[in-house]
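Structure assessment
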Amino acid sequence: MNDGGQEVRRDLVVCQICQINLPYDFYGKKAPYCPGVIYFDDTYLLRDPYSPEPRVVAVAGPCDLCSSIACLDCSVFYTKRFCGKCILENSDGFPSQIVVGIKDKLQQVMRHQAET
Amino acid sequence: MNNPQRTRDNPPRTNNPRGTNNTQRTYSFIHSKSYLKPSSSDLPDFWNFHQKFIKIKQRQPPVTYPIKKNELGLPTTFHTQHTVPFVCISNKEEDDKQKSEEFHETLRHYVQFKTKQTFKKITKQIEYQKELPIYKFKEQIISTVNDNPITIIAGDTGCGKSTQVPQYFLERGYQSIACTQPRRIACVSLATRVSQETFNKYGQDIGYQVRFDQMLYSNTKLRFLTEGLLLRQLQNDTELYAYDLIILDEVHERHLHGDLLLGILKGVVERRPQIRVVLMSATMNLQLFKSYLPDAPLITVPGRMHPVEMRYCPTHESALDKPSSAKINPKPYLIILQLIDKRYSKEERGDLLIFASGFAEIMTIAEAVTEYDLEQGNWVVLPLHSTLSVSEQQKVFDYPPPGVRKCIISTNIAETSLTIDGVRFIIDSGKFKEMAFDPTKKLQRLQEFWVSKASAEQRKGRAGRTGPGVCFRLYSEEDFNAFADYPTPEVLRVPLDSLILQLASMGLNIRTFPFVQEPPAANLNESLSFLQQQGALRSENELSGIGEVLARLPVEVALGKLLLTAAVLGVLEPALTVAAGLNIQSLFNKSNCRGEELQIRSLLESGKGDLATLLNIYEEWSQKKSEGANTRKWCRRRGLKEQQLFEMSKLRRQFRQILRDHLNLAGPQETLDSEKVLEIRQAKWRKRLEEPARKMLKVSHGKNRASNGSEDEISDTEEDDISSMEYFLTNPQPNLDLSRHVRDTLNFVSVFGLYPNIAISDQHNAEKKPSDFVFHTQRKNFVVLHPNCIFNTNFKELYPSNNRAEQLLAYSTLLETNKPYLTSVTRIPGFTTALLICKEVSTNGDCTDIVCDMWLRFTLKLSAEDLVHKAVKIRQKWSAMVADVLSGKIDDPREFSKRQSRFQKTLSSFLRSDVTYTLRVVKSTELSGLVRYEHAVKLDENITLNSVQDTGSSEMEAFLKRAWTCKLCGTAGLFSLSEKSEHLAKCQDMEEEEDMKKIEQEEKKEETAVAMETASQTRKIPTREYLCEQCGEVFQFTNVEILRHIREHDSKPP
């Protein structure tokens, strides 16, 4: 039993942009239960909790530029994973489709963080 | 398949649910080891996506190579290809390069699409959990529980306590958590829900355990289980070392088992202070728990509820004392329906939930609403009660078409057990029906009561779950104020027999048990004396050997006794069926049974009564099942509920297992095919993970109720498939031809189990129509047969020899609704059975006047002395067998089964003895001085001679020597009563010895005949003459048999 009251964390990864706590079960390029899907880079992976089949989903990954960890919502994959902040800072280097999408999302996050 | 364009022009058909169309076969990447397998449940979804994706793709120019890159190393031209962070691999490559590429591209985008979808669901889930009222209390709850052995969490509907609290502790690293629920269904749905919310690895951390079903792994940390099941576990693990945290949910519902757990855990906490207990309750009646556990901290969490407007619409009628059989008036309900139609626009959604008291009321209202809807056309009527099958119940969750409202008419099942979203209007009749137990008459009474204030509020709250609502109460505010505060807890109104046994088996004394609320002393005393009379208790808190076994069986004492006796007497298999049948809801489909079904079903009826009929139905059904017939159809044609038959098969297995564990009985241990077990497990998982598909309700006005169409069949099949798989996994072949003595023994065992539930025919039945027959039990006169009883139609069977006093009826329950009914009735020859089962059998001097249990009086023309003495012998043998089984003295199971079969034969011929008598109930005026023991001759602890005082001479009878000739040996002379008894006993022993020799010879003949037959039938194995040197006999044996014979000698040295 856990007498000391010390929190034993299950595997959780924190998005360094929106601070959401996300569960994951593997960090790497693929999960053993779903060998058919291979990620290009190391990613936080989770078995799809809503599917009866052994399916894998990504929940977060490190940014190729700043290495901070960003969730799927706060990052974009464009041949590599980039966090929202880096995309905005280097907006000239990204196609406009990507910049527009992430800008909205980041503004939402900032507003939310300002509120709380 | 030469032309790759074909696929593009004719995208794969997606209407095939299993995806087994031709197109699929053209893709060799879908194989048993690839991401998408031919069996994958998401295959149709994939094809759907494929179809759309190809269209989109055609609009997008392909990637141009070489890819130009900018200073960040990124392609300068945007293409969706670059946004997918993974590849999908397949072990086999398609010969056709282009198609292979196309497929992989689609698959990548499909997986990408699904990943985004799932991620959205996950974040939504996380947000949702944070918004629940209980989330703010998370840290407080965890630290309070850490510091206190018992904590009470009170919160109303919608606060999220049932789903969140167990997770909080799982997250905190508790290794073994049990969370109890009053209902089985809640255990399963909570386990599914919580395992999805915690995104745990395929449910391994979280499991459930309910009767007949469990989903547990070696590393399961949190299990949802029923209150009853945790109680069973306490019998083997009295300090609950298996768990470090126990959460009792819904304790305010005050079920018997929940109350019992509270009392037990209070003791466990004292002895094992490191265990943690959390009680979760609604906010009602908190004071009671506070005063019961004064040291336990209380955390109150607000609920989340929309405002509900309250309208009192008293009907005035309800105040009148109407007879309970009269139909209710549906008028007030219709007036409110009209009001809803008038006041609320049809565009505004919102359904109506009516709380009626019982089945008949629901049907009356449903009929009226259906008729009303014929004019209106905007209602769909859905009755809801516990006797509906799960898929029928599921209908109340379906959507109505736009502009149509659901009108759900329900018992109090929708108060707590079932939660239906989208309800905006409530009509509360203020009534409910409940079984009340009358301990003095041993009678269950189904009565209509006013609900409590707490229930009325709960009903009202059902309208405010998803938005503001309106509640119409068909009673006045004054009525409401006069209601009781809370519903009567179960412990105050049910028989306490099983509770006492369970406590005693844990070494707890019921007299000192810390009840939340003490049960009434009368109920307690009644149960204690009943259990002592039944031989289950030695003293108030000491179990007898029989009691030990009964306490383990999750059935009433009567059924436990039935099973135990059947196991001892060698008729366990059919008795399992009878006990299972008495332990389920009715097999018969009430609402869908017309003359035709009844007629076909009547072929399965047995003249012996309802229990034998049950047995016939079950055996016939299993026969059909093993033949691979369509049993679903078979059941429907007979108006039977197949789910109940499946339930019976599970019960049988459970009973068999428990008896085998606790009695030293022969029989092969059950070995399950592990592959099949796995298959069933997976099938169940899939079913659980698939969200129940809510369908659009079909509206065909005026016909909504009679929808027994093919739709139901489809929705049920999967459930049935699983049930069938489980059935075949565990059930032996049915045995249809039971011999006469087995059937007689089974019948006797059933009656013995049910005793003292015995009824006698009224002496005036002979002059009446069968429909007017009345019966008397020991404690209640003038009772009638239940409408389901087969003797209603087969009354001739009840009096086969036209001697209307000859038979007794054994019944399972005395149930009072509008009349007192005998349920599950079996007929038995009165006199011989009474001699064997009654506690107190007294005769007059010459055995012509016999009084049993101071209630039944048999008068004979000829002396029954030989029968009385035989009865003593049979009772002796029987108790010897019981004692041997309980003490585990059976070394040779084959020898014991011979003993059983001999006993069955003796019993059968005794029960069928040719004896003429009249039978009546002892009048209360006769009672005093009727039985006196001063001059009695005691034959055993139950049977005494010369104790019935019918003539003046009986005082002398004990000493007088009378001329008497023994019928057995022909000896004549002067005998006193006790001399006569002694002589008879000896003579019967001798007679029996001779009988035994005959029987043994017969048995041998039978055995060799069987052996010969099997030898000749199965395979022509050559036999040869074999002289055994050890026993000196010559046999006709095969080689295997010779070896077996030698081994037999070896295993038991001479």
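Residues numbered from 1 in each chain as written. Chains lettered and ligands numbered in written order. Predicted model: local features only at pLDDT ≥ 70, side-chain atom pairs only at ≥ 80, totals over all residues. Heavy atoms only, no water.

So, on to the overall build of chain B. What chain B contains, in helices and strands, is 34 helices and 36 strands. A total of 1054 residues make up chain B; the buried ones form 52% of that total. In the form shown here, chain B has an accessible surface area of approximately 50200 Å², with 51% of it arising from carbon and sulfur atoms. (Helix = DSSP H or I, 4+ residues; strand = E, 2+ residues; numbered from the N terminus. Buried < 20%, exposed > 50% of the residue type's maximum accessible area, 1.4 Å probe, protein only. Areas by Shrake-Rupley, 256 points an atom, 1.4 Å probe, with all protein chains shown as cover.)

On to the overall build of chain A. The helix and strand inventory of chain A stands at two helices and nine strands. Here chain A holds 116 residues, and 51% of them are scored as buried. A separation threshold of at least 6 residues defines the contact pool for chain A, and within that pool the share at least 24 residues apart is 26%. Accessible area for chain A stands at about 5500 Å²; split by element, carbon and sulfur atoms hold 48% of it. (Contact = heavy atoms within 4.5 Å.)

Turning our eyes to something else, we now look at the interface of chain B and chain A. Counting residues at the interface gives 48 residues for chain B and 48 residues for chain A. For the pair chain B and chain A, the summed buried area comes to about 4600 Å², and 62% of that belongs to carbon and sulfur atoms. Contact with chain A buries surface across chain B, with Y35, P85 and F119 of chain B losing the most and accounting together for 14% of the total. At the boundary of chain B with chain A, the tally comes to one salt bridge. With a shortest N-O distance of 2.7 Å, D42 of chain B and R55 of chain A are connected by a salt bridge. Linking chain B with chain A are twelve residue pairs in polar contact (both at pLDDT 80 or more), by the criterion used here. Looking at the side of chain B that touches chain A, the elements that each hand over two or more residues are β1 (86-88), α4 (97-131) and α25 (674-689) of chain B. Considering every element that reaches the side of chain B that touches chain A, the biggest residue donor is α4 of chain B, with ten residues. Residues of the side of chain B that touches chain A, tallied by class, amount to 20 nonpolar, 18 polar and ten charged. Here three bridges tie strand β4 (residues 37-39) of chain A to β1 of chain B, and the two strands are oriented antiparallel to one another. (Buried area = accessible area lost by both parts, 1.4 Å probe. Salt bridge = Lys/Arg side-chain N within 4 Å of Asp/Glu carboxyl O. Polar contact = N/O pair within 3.5 Å; in protein donor to acceptor, adjacent residues only side chain to side chain. Nonpolar A, V, L, I, M, F, W, Y, C, P; charged D, E, K, R; others polar. Pairing = 2+ DSSP bridges.)

It is worth spelling out helix α18 (residues 545-552) of chain B at this point. Every buried residue of α18 of chain B is accounted for by G547, V549, L550, A551 and R552 of chain B. In this fold, the buried residues of α18 of chain B make contact with α8 (227-236), α16 (497-505), β19 (542-543), α19 (557-569), α24 (642-662) and α30 (865-886) of chain B.

A word on the pairing of strand β2 (residues 150-155) of chain B. All names here are of chain B. When you tally the buried positions in β2, you get six out of six residues, the bulk of the element. Burial along β2 is two-sided: I150, I152 and A154 and T151, I153 and G155, pointing in opposite directions, are all buried. As defined by bridge partners, β2 adjoins strand β8 (residues 276-281) across five bridges and the pair is classed as parallel. The partner of I152 across the bridge, within β8, is L279. Where β2 meets strand β9 (residues 298-301), four bridges bridge the pair, whose relative direction is parallel. Pairing of I152 across the sheet is with L298, part of β9.

Here we take up the confidence of the model for chain A. Of all residues in chain A, 91% have pLDDT values of 70 or greater, and the mean over the chain is 85. Low pLDDT (under 50) marks residues 1-9 of chain A, which in the prediction has 18 contacts with non-local residues, meaning those over four places away or in another chain. (pLDDT = per-residue confidence, 0-100.)

This part is about the sheet that holds strand β32 (residues 943-945) of chain B. All names here are of chain B. Judged by pairing direction, the sheet is mixed, and its six strands sit side by side in the order β30-β29-β28-β27-β32-β31 without closing on themselves. Strands at the two margins of the open sheet, each flanked by one partner only, are β30 (917-921) and β31 (937-938). Note: strand β27 (residues 841-843) against β32, two bridges, orientation parallel. Looking across to β32, one finds that S842 is bridged to T944. Contacts between helix α29 (residues 830-837) and the sheet are confined to β27, β28 (849-852), β29 (856-860), β30 and β32, with β29 contributing the most and set at about 125° to the helix. Those strands touched by α30 are β27, β28 and β32, and its axis lies near 155° from that of β32. (Axes fitted to C-alpha atoms, helices over the stretch in contact; angles between N-to-C directions.)

A full pass over the atoms with the stated rule returns 30 aromatic pairs over all chains. Judged by centre distance (5.1 Å) and plane angle (55°), the ring pair of Y475 of chain B and F483 of chain B falls under tilted. Y475 of chain B sits in the buried class, given a relative accessible area of 0%. For F483 of chain B, a relative accessible area of 7% puts it in the buried group. Note on F513 of chain B and F515 of chain B: the rings are 4.9 Å apart at their centroids and 70° apart in plane angle, and the pair reads as edge-to-face. Take F515 of chain B: its relative accessible area is 7%, and that puts it in the buried class. A connected cluster of aromatic rings, assembled from ring pairs, spans F46, W47, F49, F53, F103, Y110 and F113 of chain B. Against the face of Y35 of chain B rests R55 of chain A, its NZ or CZ located 4.0 Å from the ring centre. Over the ring of F752 of chain B we find K561 of chain B; its NZ or CZ atom is 4.8 Å from the centre of that ring. (Phe/Tyr/Trp six-rings, centres within 6.5 Å; stacked < 30°, edge-to-face > 60°. Lys NZ or Arg CZ within 6 Å of the ring centre and 35° of its normal.)

A word on the pattern of salt bridges. Oppositely charged side chains can pair when the atoms bearing their charge come close. Residues and elements named next belong to chain B. One pass over the structure, following the stated rule, counts 49 salt bridges over all chains. Between R183 and E253 there is a salt bridge; the shortest N-O distance is 3.0 Å. Taken together, the positions of R183 in the loop between β3 (177-181) and α7 (184-197) and E253 in the loop between β7 (245-248) and α9 (256-271) put the pair 70 residues apart, joining distant regions of the chain. Using a relative accessible area of 18% as the deciding quantity, one classes E253 as buried. D744 serves as the salt-bridge partner of K608, at 3.3 Å between the closest nitrogen and oxygen. Separated by 136 residues along the polypeptide, K608 in the loop between α21 (595-602) and α22 (610-626) and D744 in helix α27 (residues 740-754) bring together distant segments of the chain.

Bringing the sheet that holds strand β22 (residues 784-785) of chain B into the picture now. Residue and element names in this part refer to chain B. If you trace the five strands from one edge of the open sheet to the other, you get β15-β16-β24-β25-β22, paired in mixed fashion. For this open sheet the edge positions go to β15 (431-438) and β22, each flanked by a neighbour on one side alone. Of the pairings in the sheet, the one linking β15 to strand β16 (residues 443-450) comprises eight bridges and is antiparallel in character. Its bridge partner being in β16, K431 is matched across the sheet by W450.

Turning our eyes to something else, we now look at α29 of chain B. Of all eight residues in α29 of chain B, eight are buried, a share of seventy percent or more. The set of residues buried in α29 of chain B consists of G830, F831, T832, T833, A834, L835, L836 and I837 of chain B.

Moving on: the side chain of T115 of chain B. Topologically, T115 of chain B is positioned in helix α4. By relative accessible area, which is 4% here, T115 of chain B ends up buried. Non-local contacts of T115 of chain B, meaning those with residues more than four positions away in its chain, are made with Y39, V56, V57, A58 and L72 of chain A.

Residue and element names in this part refer to chain B. Summarising the element assignment, S981 is placed in helix α33 (residues 977-1017). On a C-alpha basis, the gap between S981 and L939 in space is 8.0 Å, while along the polypeptide they are 42 residues apart. Setting aside anything within four residues of it in sequence, one finds S981 in contact with H869, V937, L939 and L945.

Attention shifts here to the environment of T283 of chain B. All names here are of chain B. Mapped onto the fold, T283 is located in the loop between β8 and α10 (286-292). Each C-alpha atom, one on T283 and one on A454, is 10.0 Å from the other, the two residues being 171 residues apart in sequence. Within polar-contact distance, the side chain of T283 engages the side chain of D156 at 2.6 Å.

Time to look at the side chain of R638 of chain B. All names here are of chain B. As for its position among the elements, R638 is in the loop between α23 (631-637) and α24. Within the buried set, R638 has no salt-bridge partner at all; the shortest N-O distance to an opposite charge, 6.8 Å, is to E620. One polar contact links the side chain of R638 to the main-chain carbonyl oxygen of W634, over a distance of 3.0 Å. When sequence neighbours within four positions are dropped, the list of residues in contact with R638 reads E597, I600, R601 and L604. (Lys, Arg positive; Asp, Glu negative; His and termini not counted.)

Further remarks concern the confidence of the model for chain B. Residue and element names in this part refer to chain B. For chain B, mean pLDDT is 84; residues scoring 70 or higher make up 88% of the total. Ranking the helices and strands of chain B by mean pLDDT puts β7 first, with 97, and helix α1 (residues 5-9) last, with 39. Note that residues 318-324 has pLDDT below 50 and, in this model, six contacts with residues that lie over four places away or in other chains. Every residue in residues 702-715 scores below 50 in pLDDT, and together they form 26 contacts with partners more than four places removed in sequence or on other chains.

Counting 94 residues, the largest nonpolar core has F831, L836, I850, F858 and V868 of chain B as its most contacted members. Setting aside anything within four residues of it in sequence, one finds V868 of chain B in contact with L835, T843, C847, I850, L939, I943 and L945 of chain B. Counting residues in hydrophobic clusters, the runner-up holds 58 residues, among them C83 of chain A together with L74, C88 and I122 of chain B. (Core = buried A, V, L, I, M, F, W, Y, C linked by side-chain atoms within 4.5 Å.)

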